[in-house]
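What follows is each chain in one-letter form.
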Amino acid sequence: MQERHIFVLKKLLKRKQQGFLLREVASISRILKVCGEKADKQPEYCGILCEALNICRLPFLKEKVSDELNYAEDVKQFLSRIGYLMRVSDGEVRRQVVETVKSYYSCSAPSKPPLDGTIRLAKPSCQSLRYLHQLLLKPQPTSPGYRLQLLERSDLAKTLFLSLAALEKQPAIKLLLLQTLQMLSSTSDMNCTLMLSVRGAESICLRMNEPDPSGLILFHSSEILWNLLESGNKATVAAQLSSVECAISLKEAFNHALLNTSRHIDLQVRNDLLVLTTLFAENSCALLIESLFANQLVALSTFPELKSHHNLVDKLKLTYNMEDLQMKKLLLNLLVVMSRDPATIPIFKEEQVILALLTLAKPPAIPTEVKPGSRDWSPIQLEELQLQALAVLATVAPLILDHYMSCYGNVALLHLLDWCVRQDGYCGQGHSFHATGGRGSKKAHMRYCIRLMRSVTSLDDKTLNQDLCDQGTIHMLLGLLMQMESTASDEDAVTVEMKSDMQVILSALCESDMHRKELFGTEGVEMTVHYLRRGTSMFYSGLGHNKLLLSTLACVRTCIVGCYTTEDCFLTRDGVLVLLDLLSSSPKCIHGVILATLLELCDNLSTIPHILSWSDSDGWTAPSLLLQVWRREEEELGVSRNQHGGIADPKEPVLARRKVDDAALMSTRDTASAAVLEMQENLIAKIYLIFCRIGFEDLPGLSVKDRVTLSIVKRYLDFKVSEVWDEISHELIREGIRPVTPDEETLRSAQQMSQRIAEAVVAEQEEVLRQHVEEANREEQLMYEEMKSHWRQRQLTAKSWCNYVSKTSNYDILKGIKEKREKHIESIRTETAQEDVGQHHEEVFIGKLIVDPDSDTRGGVNLKVVQTPVMAAAHEEALLASREQQYFKTVHGKN
C-alpha cells in the first residue's frame, strides 16, 4: 500500500510540473499534511515532499479570473502548511521549505515553463484560430503580487520563526533560515508583527551568540532586530529586550564585534548593536548597570581622550575611519540616554566623563593636511565630535556639577567662547547635524558653548555663577550681543537662538545679586532698550524672535528692576515708553509679561511721570491703553457689560460666565478659590495694581467709555472680596453647614455691602454718561449759535453791499444820505458843546494828536489820541465827497 501511495503521488506531481491549480490547492495541502506526518517514520515520503516543495516555487495557476478571490483562503492555509513542514526532522525537507519561501522574495525563482505549442502565423487561418482557442483554455499564472499578499496574511512567518529552536544541530539550515527571516522582516510590517507576537526580538537576541564558524549568524540576527525595530512596534521590541538575559547577550555580542573588526561587515554589526543598546538603555538602563554593561560603555566613550583600566578598552584599536566615527558618536549619544537614570551618575564620576568631554571639546588647532596613515581624527571628524561633546555636556554637566567645577569647566568654557569670538582663519565644515548654520565660521561652536553655559547657570548655583561673573562673563556676553546685533541683516535661526540664550544667561546671573545688576550697568540697559525697540514685526517669523523678545523682557525684570542705578538709566533712555509701545502693538500672548514688568518698575516713583506722558500716533495715552486692554480681557472672560461698558448686573459686577462653571468644578476638589485663581490667570489684576500706582484721578486722554471702565477698575478689589464671600456662602450651603448667628449676619452684611458698592458704581457711571450728554448738548448749542452768527454776518454783509451799490448808482439816494449825515453831524456838535460846558479837559495839540494831561501815571505822560466830533464829521464829509466825485466821474465817463 505504501508503494502504491508513493507511485500515485509521484504520478500526480509529474502532471503538475507547470504548477498547482488554485482549485486543487486545498487537496494538495491535505496531501502535504499526510506526507509530513508519515515522513519521520517512513523516509520515502521525504522525497515526495521535496518534489512537491520544488513545484510550490512556481506561481499558482488559475482557470478563471475569479479564482484568485474564490480560493484566497485555501492559498493562505496552503502557505501555512508549508511552514508546518519544518516539523519534519529531515534536513533536506527543511532546506527545501526555507528555499521555497526564500524564492518568493528572490528574483532567481524558476519561471513557469513555456506552454505546449507555439503560435505560428504561417499556418492557415482556421487552424490558427482553433489553436488560439485551445491556448486560451489553458490555465494562466496568477498575478505577481498575489502569493506575497496572502503569505503576509498567513502564519508562515510565525511558524518559521518558531522553528529556529529545532535547528540547533543543523547550523547550515539555521543560517539559511535567518537569511529568509531577514527578507521577511525587511519587506513587510505584517511579517514583523507576526514575529513579535511570538517574542521574536527576545528569541533572536538570546540566540545571536551561538557558535558560528561563518560569523554570519550575528550579522543576520542584528539585521532582523533592526528590521523589527524599524517596521514593527518599537515599544514591543523594547519590552521584549528588557531583561537581564538580553542585556548580557547584547554585551557578549558587542564585545565579540568590538574585538573582531577585520571585516567591514563586523564594524557595521558593532554599530548596529550600539543602536540596539541605546534602545535598551531608553527603557531599562538599570539592567545595563546590573549586567556591568554600563560601566564598559561609559569607559569606552572616554576613549581615546582618557586612558582606561578596562581590559577591553586597552585591546581596542581604532582606525579612525567613518565606522569608528559612527561608533564614537553613538557612544556619546548613549551617555545622554543613560544620564536619565540617576544610578549612572557614580559611573560617570568614576570614569571621569566630564574631563573626557571637556578634553574633546577644547579649541582645535589650526587645521593642517592629514598625513597618510596618521592615527588621529581628521579635522572634519574632530569638528563633529567637538560639537556633539558640547551638546552632551549641556545635558550631563548639570547632573555632575561638582565634578564639572573640579575640572575647571567654567575656565574651559570661557576659553572656548573666547576662541569662538577671535578671528584666526578657522572655517567650520558644517557636515553634521550639530553643525547646522556653522559652515565657514565658528557659529556652531559658539551656539553649543552658549547652550552649555545656559544649562549650568540655570541651576542657580551660587558658586558656579560667582565664578563666571568673576571671570567677566557679563561684559563678554553684553559685548557679544551688541556685536551680533550690528550684523542683524543676515540673521538666521541659529543667531537668534544664541542671542536669546545669552540674555537668559544674563538673567540667571543678575537676578538675585545687586552688585551684578550694577555690573550690567549702562551697557546692559542700552542693549536691552535696543532689542526692545525692534518691536514685534518679526514675532511670527518662525526664526525664534518671539523667544528673543521674551528673554529681553526677562532681562528688564531680572537685570534692571530692583537696582535704582539701572532703573534710572532705563527711564532716561525712554525704556518705559518703549514698553508701552510694545504693549500697544504686540500680540496678547506677551501682554502679561509687559504688564508685570511695568508693575515692578512702578515701585520707582520716577516711572509714574513717564507712564502718564506716553501717547502714540493715534492719540492713545497710557491710561486709555490700559483700560482698552481691560475691556478686551473682560470680553474674552465673558463678563456681562452694557453698551457703554458699564455694569449690567449689580449682583455680579465682575463675574465671568466661564467662572461659574469653574466654581462648580472646584467645589469637589481641594483647590484654591476660583476668584483667586482668576486673578492669576488674566491681566485684570496687573492693570488694577498699575492704576493703584498711577492713581485714578486727573488721568489724561480718557474718553467717556474709559471713565466708565475706570469706575469699575477703582472698585475691583472690593468686587473680588465680595466674590470670595459669595463662594464661602455657597460652599457652606452645599456642605449643609449653618454658621452661627453673628457669623451669618456678618456674611449677609458683607454681601449686602458688595451690592451697595456695585449700585454706587452704577450710579457713578450714569452720572458720567449724563454729564457727557449735557456737555454734548452744550457743544451742540454753541455750534448752532456760531452757525447763526455766521449766517447773520453774511446777511449784514449782503445788506451793506446792497446799500453801497444803491448809493453809487442813484444820485438822489446819495444826496438824501448826505443831508441825513449833515443833520446828524450838526446834532453831534450841539451835544458836544453842551457836555464841554459841564466839564473841560485841558488838551494840548501836537500835530494831529491831542495830549490829555490827566492821563499821567507814575511821573510819565501817556499820549492819548482823542478824536473829537469835529474831526469825525470832517472825516465823513471827506469820505462822502470822494464817493460823490467818483460817481460823477463814472457818469461823465459813460456819457
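Predicted model only: the values in this text are computed from it and were never measured.

Basis of the calculations
Residues numbered from 1 in each chain as written. Predicted model: local features only at pLDDT ≥ 70, side-chain atom pairs only at ≥ 80, totals over all residues. Heavy atoms only, no water. Helix = DSSP H or I, 4+ residues; strand = E, 2+ residues; numbered from the N terminus. Buried < 20%, exposed > 50% of the residue type's maximum accessible area, 1.4 Å probe, protein only. Contact = heavy atoms within 4.5 Å. Areas by Shrake-Rupley, 256 points an atom, 1.4 Å probe, with all protein chains shown as cover. Salt bridge = Lys/Arg side-chain N within 4 Å of Asp/Glu carboxyl O. Core = buried A, V, L, I, M, F, W, Y, C linked by side-chain atoms within 4.5 Å. Phe/Tyr/Trp six-rings, centres within 6.5 Å; stacked < 30°, edge-to-face > 60°. Polar contact = N/O pair within 3.5 Å; in protein donor to acceptor, adjacent residues only side chain to side chain.

Peer 1: Whenever I open this one, the overall build of the chain confuses me. Can you help?
Peer 2: Regarding its fold elements, the chain presents 43 helices and 4 strands. Counting across all 895 residues of the chain, residues that qualify as buried make up 44%. A fraction of 75% describes how many contacts in the chain between residues 6 or more apart in sequence connect residues 24 or more apart. Per element, the accessible surface of the chain, about 47400 Å² overall, is 54% carbon and sulfur.

Peer 1: Sorry if this is basic, but what is going on with the pattern of salt bridges here?
Peer 2: When charged atoms on two side chains of opposite charge get close, those side chains can pair. One pass over the full model with this rule turns up 35 salt bridges. Measuring nitrogen to oxygen at the nearest pair gives 2.7 Å for the salt bridge that ties arginine 207 to glutamate 168. On the criterion of sequence distance, the pair formed by arginine 207 in helix α12 (residues 200-207) and glutamate 168 in the loop between α9 (156-162) and α10 (171-187) is long-range, its members being 39 residues apart. Residue arginine 207 is classed as partly exposed on the basis of its relative accessible area, which comes to 22%. Salt-bridge contacts for glutamate 633 lead to lysine 588; the nearest nitrogen and oxygen are separated by 3.6 Å.

Peer 1: Hey, could you run me through the nonpolar core in this one?
Peer 2: Nonpolar side chains in soluble globular proteins generally cluster together in the buried interior. By size, the foremost hydrophobic cluster in this structure holds 227 residues, and its most contacted members are Leu273, Leu506, Phe570 and Phe691. Once residues within four sequence positions are removed from consideration, phenylalanine 570 is found in contact with Val525, Val529, Leu532, Val556, Ile560, Gly575, Val576, Leu579 and Leu601.

Peer 1: Would you take a moment to explain the packing of aromatic side chains for this structure?
Peer 2: What describes a pair of aromatic rings is the distance from one ring centre to the other and the angle between the planes of the rings. For the structure shown, the criterion picks out 8 aromatic pairs. Residues tyrosine 320 and tryptophan 377 carry aromatic rings whose centres are separated by 4.7 Å and whose planes lie at 85° to one another, so their mutual orientation is edge-to-face. In this pair, tyrosine 320 is assigned in the loop between α18 (311-314) and α19 (322-338) and tryptophan 377 in the loop between α21 (353-360) and α22 (379-396), connecting sequence segments 57 residues apart. As far as burial versus exposure is concerned, tyrosine 320 and tryptophan 377 are alike and both buried.

Peer 1: Would you mind going over the environment of leucine 401 with me for this structure?
Peer 2: Within the fold, leucine 401 resides in helix α23 (residues 401-406). In contact with leucine 401, not counting residues within four places along its chain, are Val456, Leu459, Asp461 and Leu464.

Peer 1: Even after reading the chapter, I still don't get the side chain of aspartate 324, so can you show me in this structure?
Peer 2: Mapping aspartate 324 onto the fold places it in helix α19. On the basis of relative accessible area, aspartate 324 is assigned to the buried category, the value being 3%. At 2.7 Å, the side chain of aspartate 324 forms a polar contact with the backbone nitrogen of threonine 319. Only 3.0 Å separates the side chain of aspartate 324 from the backbone nitrogen of tyrosine 320, close enough to count as a polar contact. Not counting residues within four places of it along the chain, the set of residues in contact with aspartate 324 comprises Leu267, Arg270, Leu318, Thr319 and Trp377.

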